[in-house]
Amino acid sequence: MKVRPKYYSPGFSQQCEYEVHALAVGNDGKVKFCVIRDKFGNQRETISWLSPSGFTITEPTMPPDWECHLFKHDSIQMLMGPQFISKDPEAYLRLVEGEPAQQGKFSDRLNQLQLTDT
């Protein structure tokens, strides 16, 4: 799935498409897209969980490695994405909280996506 920002937001260019790497639905019903903000100077790319209301979907196809899981959890109802993110709320929370092992899995997936795009 790919999206384009509807308006200016720091870390995003309105002229670029961004890959959605996962999708989360909280118990409040709010949806969040996992996207990567652009680099600024010496800053590294940042994983962000943002409302889809700021984006237009330009490519609605879900990647073949995505799974969908429903939960009865304190904060999460549903997760869609690669298994290492979507398998349980704790896996998602480890990524959100920046756990190095989970971020390493995320980076590995990004590298695989870049290899298949070339």
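Just above, that's the structure.
So, how was this worked out
Residues numbered from 1 in each chain as written. Predicted model: local features only at pLDDT ≥ 70, side-chain atom pairs only at ≥ 80, totals over all residues. Heavy atoms only, no water. Disulfide = S-S within 2.5 Å. Phe/Tyr/Trp six-rings, centres within 6.5 Å; stacked < 30°, edge-to-face > 60°. Helix = DSSP H or I, 4+ residues; strand = E, 2+ residues; numbered from the N terminus. Buried < 20%, exposed > 50% of the residue type's maximum accessible area, 1.4 Å probe, protein only. Pairing = 2+ DSSP bridges. Axes fitted to C-alpha atoms, helices over the stretch in contact; angles between N-to-C directions.

A few points about the state of the cysteines
Scanning the entire structure with this criterion turns up zero disulfides. Take cysteine 16: it sits in no disulfide, and the sulfur closest to it among the cysteines is that of cysteine 34, at 18 Å. In this structure cysteine 34 is not part of a disulfide, and its nearest cysteine sulfur, from cysteine 68, lies 16 Å away.

Quick look at the packing of aromatic side chains
The tally for this structure, following the rule as stated, stands at three aromatic pairs. Between tryptophan 49 and tyrosine 92 the ring centres are 4.9 Å apart and the planes differ by 85°, which places this aromatic pair in the edge-to-face class. Here tryptophan 49, found in strand β5 (residues 46-50), pairs with tyrosine 92, found in helix α2 (residues 89-96); they are 43 residues apart in sequence, far enough to count as distant. The buried category is assigned to tyrosine 92, whose relative accessible area is 11%. Ring-pair connections join several aromatic residues into one group, and the members of that group are Phe12, Tyr18 and Phe55.

Some details on the sheet that holds strand β7 (residues 66-70)
Taken in spatial order, the five strands make up an open sheet running β5-β4-β3-β8-β7, and their pairing is antiparallel. The open sheet has two edge strands, β5 and β7, and neither has a second partner. On average, each strand axis in the sheet is inclined to that of its neighbour by 20°, with strand direction left out of account. By the bridge criterion, five bridges tie strand β4 (residues 31-37) to β5 in an arrangement that is antiparallel. Across the sheet, isoleucine 36 pairs through a bridge with isoleucine 47, a residue of β5.

A word on the environment of glycine 29
Topologically, glycine 29 is positioned in the loop between β3 (22-26) and β4. Owing to a relative accessible area of 44%, glycine 29 belongs among the partly exposed residues under this scheme. Sequence spacing of glycine 29 and serine 75 is 46 residues, and the spatial spacing of their C-alpha atoms is 10.0 Å.

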